[in-house]
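Examination of the molecular architecture
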Amino acid sequence: MSIELDEIRKREKGLKIINEKIKNEGIDSLIDLTGLAGGFDVTPKDISLLETYAGPAVFDEKIQKVGIEHLGGEKVLPLNRTTSGIAAMIMTYVKEGDEIAHYLPEEPGHPSIARTAKLVGADYVEYTDINDFKINDNTTLVVITGTTMDHEVISEDDFKYVINKAKENNIMVFVDDASGARLRRAVYNQPTAIDLGADLSVTSTDKLMEGPRGGLMAGSEKLIDEIKLTVNQYGFEAQAPLVVGMIKALEKYSPERIREAYVQKDELYQKLVDQGLNPLTTPTGFMFKEDEIKKVVTEKVGEVDVSADIIATVYSMLLLENYNIVTIPAVGMPGASKTIRIDWSAKDSEKLTMDDMVCAIVNTFDKTAEVCKNNCIEKVLYD
């Protein structure tokens, strides 16, 4: 079985647990701390417009207004996934033999970039050290990740350096700002990617905001129209129900919750350290990398002949099963990070105290160690 199919099976198990929780305890019993909770805060009037032509006619005007306010640029394009936008952009502007140069603060980059590069026959290279970044003779696209999957944020100086380097060579710059459009700006007061000089940027409308899982791309009218042609040809566009959900999320978005979590995360971090754990802080919470989770488990039960990715996924499943806490490894798409990341800015963080959170984290390490000791990993992941 391929790695991707194996990850699909694990995701199905995670969703099965969630389904049972909803049936037995109700939707409010879930504590989604992924930062990807999403939302469809629509009204009956909105729903009455969800028709093939009425919806686009009404909602396109609104998404242009709020989308440009959020991302900058002359025009925005709503997409069914951020991945769709990335794929459409590469398919539109990159051809066989070209190179895509990608700068990001920390690996890995979003898998859709490398996958679409392969699809069109382009070379693809990632740089995480600004001193190594270079543009080759066949480079036709520069990609920047504003904030990584584990919320590592690019510095504004590095952002400008890469953009300036690309512009000196007359090369297009595309920014994957999936969560960065909120995180970079709310916490670090950075400008929009477009205002920093990028040609195009895309964000995920469910990351650190209460919108549906979708994508929103911004840029000049010319570039957006060219990409829109590809988007429509391949069915990547967001339909009216998604678009109205995006509009509502953008209208209600406020950076204050993110800023509050940025302050509170230090107290949460210290409570975990006091329990003998070694988390890493993120701008809005904390995380345990896969290797750290395995390290804690092996300290409890001895050496375990299982990969750190698997142990982290087991941990995520147990956190969900026993404490109703949703983290990405249990429900993420293939290629998603296996880091256990807790986003304290998530709306559901209000459902538990910091001490409740720490208790769940500590006890789940014990339960994960017990599963590894008793060789019950497959049961946790698949049964």
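In what follows, the accompanying structure is described. (Residues numbered from 1 in each chain as written. Predicted model: local features only at pLDDT ≥ 70, side-chain atom pairs only at ≥ 80, totals over all residues. Heavy atoms only, no water.)

**Focus: the overall build of the chain**
We count it as follows: In this description a helix means any DSSP run of H or I spanning at least four residues, a strand means any run of E spanning at least two, and both kinds are numbered starting from the N terminus. Throughout, radius of gyration means the C-alpha value; the globule benchmark is 2.2 Å times the number of residues raised to the power 0.38. Per-residue accessibility, obtained with a 1.4 Å probe over protein chains only, is compared with the maximum for each type, and a residue is labelled buried under 20%, exposed over 50%, and partly exposed between these values. Accessibility throughout is a Shrake-Rupley quantity obtained with a 1.4 Å probe, and a residue counts as covered only by protein chains that appear here. For the charge count, each Lys or Arg is scored as positive and each Asp or Glu as negative, with His and the chain ends excluded. Where a charge sits is defined by one atom per residue type, namely NZ (Lys), CZ (Arg), CG (Asp) or CD (Glu).
Summing up its helical and strand segments, the chain has 15 helices and 12 strands in all. Scaling as 2.2 N^0.38, a compact globule of 383 residues should have a C-alpha radius of gyration of about 21 Å, and the chain matches this with 21 Å. Taken along the three principal axes of its C-alpha coordinates, the chain extends 60 × 55 × 45 Å. Looking at the chain as a whole, 53% of its 383 residues qualify as buried. By element, 48% of the accessible surface of the chain is carried by carbon and sulfur atoms, the whole surface being about 17,100 Å². Looking at charge distribution, the chain has the averaged site of its 43 positive side-chain charges lying 3 Å from that of its 64 negative ones.

**Notes on unusual backbone geometry**
The omega torsion of the bond from E107 to P108 falls at 0 degrees, within 30 degrees of zero and hence cis. The residue P108 is located in the loop between β3 (99-103) and α5 (111-120) in this model. The phi torsion at N170 lies on the positive side, around 55 degrees, for a residue other than glycine. In this fold, N170 is placed in the loop between α6 (156-168) and β6 (172-176). Of the residues examined, N170 reaches a relative accessible area of 74% and is grouped as exposed. The backbone of N324 shows a phi angle near 65 degrees, a positive value even though the residue is not glycine. Relative to the helices and strands, N324 resides in the loop between α12 (308-323) and β11 (325-326).

**A short note on the sheet that holds strand β12 (residues 340-343)**
In plain terms, the rule: Being paired, for any two strands, means DSSP has found at least two bridges between them. In this analysis an axis means a line fitted to C-alpha atoms, helices contributing only their contacting stretch, and an angle means the value between N-to-C directions, from 0 to 180 degrees.
Here 3 strands make up an open sheet; going across it, the order is β9-β10-β12 and the pairing antiparallel. Edge positions in the sheet fall to β9 (280-282) and β12, since each has one partner strand and no second. The mean inter-strand angle of the sheet, taken between neighbouring strand axes irrespective of direction, is 25 degrees. In this sheet, strand β10 (residues 285-288) lies alongside β9 in antiparallel orientation, the contact comprising 3 bridges. Along β10, the bridge assignment pairs L280 with M287.

**A word on the sheet that holds strand β5 (residues 139-145)**
Taking strand neighbours across the sheet as the criterion, the 7 strands line up as β2-β8-β7-β6-β5-β3-β4 in an open arrangement whose pairing is mixed. Pairing within the sheet leaves two strands with one partner each, and these edge strands are β2 (75-79) and β4 (123-127). Ignoring which end each strand starts from, the neighbouring axes of this sheet average 20 degrees apart. Both β2 and strand β8 (residues 215-219) contribute to a ladder of 5 bridges, which runs antiparallel. Its bridge partner lying in β8, K75 is registered against G219.

**Comments concerning the pattern of salt bridges**
When the charged atoms of two side chains lie near each other, side chains of opposite charge can form a pair. Under the convention used in this document: Here, a salt bridge means any Lys or Arg side-chain nitrogen found within 4 Å of an Asp or Glu carboxyl oxygen.
Inspection of every chain in the model, using the stated rule, returns 23 salt bridges. One salt bridge connects K295 with E299, and the closest N-O pair in it is separated by 3.3 Å. You can see K295 and its partner E299 sitting in helix α11 (residues 290-301), 4 residues apart, about one turn around the helix. K295 sits in the partly exposed class, given a relative accessible area of 43%. Residue E299 is classed as exposed on the basis of its relative accessible area of 56%. Counted as one network, the salt bridges with shared partners bring together D41, E210, K252 and K347.

**A closer look at the packing of aromatic side chains**
The cut-off we apply is this: Centres within 6.5 Å make a pair out of two Phe, Tyr or Trp rings, where for Trp the six-membered ring is used; the pair is then stacked when the planes are under 30 degrees apart, edge-to-face when over 60, and tilted otherwise. By definition here, charges over rings are those cases where NZ of Lys or CZ of Arg is within 6 Å of the ring centre and within 35 degrees of the ring normal.
Under the counting rule described, the total for this entry stands at 7 aromatic pairs. Between F288 and F365, the aromatic rings sit 5.2 Å apart at their centres with planes inclined by 80 degrees, giving edge-to-face as the arrangement. Taken as a pair, F288 in strand β10 and F365 in helix α14 (residues 354-373) lie far apart in primary sequence, 77 residues in all. Per residue, the accessibility class of F288 equals that of F365, and both read buried. Feature note: the residues F286, F288, Y315 and F365 constitute an aromatic cluster, connected by ring pairs. Sitting above the plane of the Y382 ring, R9 keeps its charged end 4.0 Å from the centroid. For the cation-ring pair, K265 lies above Y262, with the distance from its terminal atom to the ring centre recorded as 4.0 Å.

**A word on the packing of α11 against α12**
We apply this condition: Every angle not falling under 35 degrees, over 145, or within 65 to 115 is termed oblique; those three ranges are roughly parallel, roughly antiparallel and roughly perpendicular. Between two residues, a contact is recorded if the distance between any of their heavy atoms is within 4.5 Å.
It is at 8 Å that the axes of α11 and α12 come closest, and there the two elements cross at 80 degrees. By the angle class used here, α11 and α12 are roughly perpendicular. Between α11, through E290, D291, I293, K294 and V297, and α12, the contact on the second element is made entirely by A308, D309, I311, A312 and Y315.

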